[in-house]
Amino acid sequence: MFNNLKDLLIKSINQTWRQEQVVKSVIWNSIISDFKEKKHIDLTPYLISIKITNNTVFIKTSKPIINQELVNINDFLEKNVILKLSKLGFKYDKIKIRYN
């Protein structure tokens, strides 16, 4: 019985981890493509990491000027992230994106 419970817990953790990775990947790719569409700049070299806490996404970049440019189009980015996640079946009513 203990092995079955252990296997169940491992499977659950792996599924949650995979789900989080998919959400992070969708957010990452959405921000890069939307920024390129709006500002005509490839954001890839400046993005460092994405961290998700509840409905808040923290994006770390290497340049403060990029953060300001992202803030300028933040509403557009948030709408597109929610739209893309909902197409994949993830239900987020609100997402706040913060930049470091």
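Residues numbered from 1 in each chain as written. Predicted model: local features only at pLDDT ≥ 70, side-chain atom pairs only at ≥ 80, totals over all residues. Heavy atoms only, no water.

Peer 1: Looking at this model, I keep getting lost on the nonpolar core. Mind explaining?
Peer 2: General note: in soluble globular proteins, nonpolar side chains tend to be found buried as a group. By size, the foremost hydrophobic cluster in this structure holds 21 residues, and its most contacted members are Ile-27, Leu-43, Ile-59, Leu-70, Leu-85 and Ile-97. Taken together, the elements giving at least two residues each to this core come down to helix H1 (2-39), strand S1 (47-53), strand S2 (56-61), helix H2 (64-72), helix H3 (74-87) and strand S3 (96-99). In terms of residues, this core owes the most to one element, H1, which gives 6 residues. Residues within four places of Leu-85 in sequence aside, it is in contact with Val-23, Val-26, Ile-27, Phe-90, Tyr-92 and Ile-95. (Core = buried A, V, L, I, M, F, W, Y, C linked by side-chain atoms within 4.5 Å. Buried < 20%, exposed > 50% of the residue type's maximum accessible area, 1.4 Å probe, protein only. Helix = DSSP H or I, 4+ residues; strand = E, 2+ residues; numbered from the N terminus. Contact = heavy atoms within 4.5 Å.)

Peer 1: Is there a simple way to think about the packing of aromatic side chains in this case?
Peer 2: For any pair of aromatic rings, geometry is given as the distance between the ring centres together with the angle between the planes. Summed over all chains, the structure comprises 0 aromatic pairs. Between the NZ or CZ atom of Lys-38 and the centre of the ring of Phe-76, over which it lies, the distance is 4.4 Å. (Phe/Tyr/Trp six-rings, centres within 6.5 Å; stacked < 30°, edge-to-face > 60°. Lys NZ or Arg CZ within 6 Å of the ring centre and 35° of its normal.)

Peer 1: What am I meant to see in the pairing of S2 here?
Peer 2: Side-chain positions along a regular strand alternate between the two faces of the sheet. Inspection of the sheet shows S1 paired to S2 by 6 bridges, in the antiparallel sense. Of the residues in S2, the one forming a bridge with Ile-52 is Val-57. Where S1 folds back onto S2 in an antiparallel hairpin, the turn is made up of 2 residues, including Asn-54, whose phi is positive at roughly 55 degrees. Across 4 bridges, the pairing between S2 and S3 is parallel. (Pairing = 2+ DSSP bridges.)

Peer 1: Would you mind showing me how to read the pattern of salt bridges here?
Peer 2: For the coordinates displayed, the defined rule picks out 3 salt bridges. Put simply, Asp-34 and Lys-84 hold a salt bridge, and the shortest N to O gap is 3.7 Å. Within this pair, whereas Asp-34 is found in helix H1, its partner Lys-84 is found in helix H3, the two being separated by 50 residues in sequence. Linking Lys-39 and Glu-69 is a salt bridge whose minimum nitrogen-to-oxygen distance equals 2.9 Å. With Lys-39 in helix H1 and Glu-69 in helix H2, this pair connects stretches of sequence that are 30 residues apart. Overall, the relative accessible area of 28% leaves Lys-39 in the partly exposed class. Accessibility expressed as a relative area gives 24% for Glu-69, which makes it partly exposed. (Salt bridge = Lys/Arg side-chain N within 4 Å of Asp/Glu carboxyl O.)

Peer 1: Please explain the sheet that holds S1 as it appears in this structure.
Peer 2: Sheet strands line up and pair through hydrogen bonds in the backbone, either parallel or antiparallel. What the 3 strands build is an open sheet, ordered S1-S2-S3; its pairing is mixed. Pairing within the sheet leaves two strands with one partner each, and these edge strands are S1 and S3. For this sheet the average axis-to-axis angle between neighbouring strands, irrespective of direction, equals 20 degrees. (Axes fitted to C-alpha atoms, helices over the stretch in contact; angles between N-to-C directions.)

Peer 1: Looking at this structure, how should I read the side chain of Asn-67?
Peer 2: Looking at where Asn-67 falls in the secondary structure, it is placed in helix H2. Here Asn-67 falls in the buried class, since its relative accessible area comes to 13%.

Peer 1: Would you mind showing me how to read H2 here?
Peer 2: What H2 keeps buried is the set Ile-66, Asn-67 and Leu-70. With its buried residues spanning 105 degrees around the axis, H2 presents them on a single face. Summarising the geometry of H2, the exposed residues directed more than 90 degrees from the buried face are Pro-64 and Ile-65. (Arc of directions from axis to C-beta.)

None of the figures reported here should be taken as evidence of function without further support.
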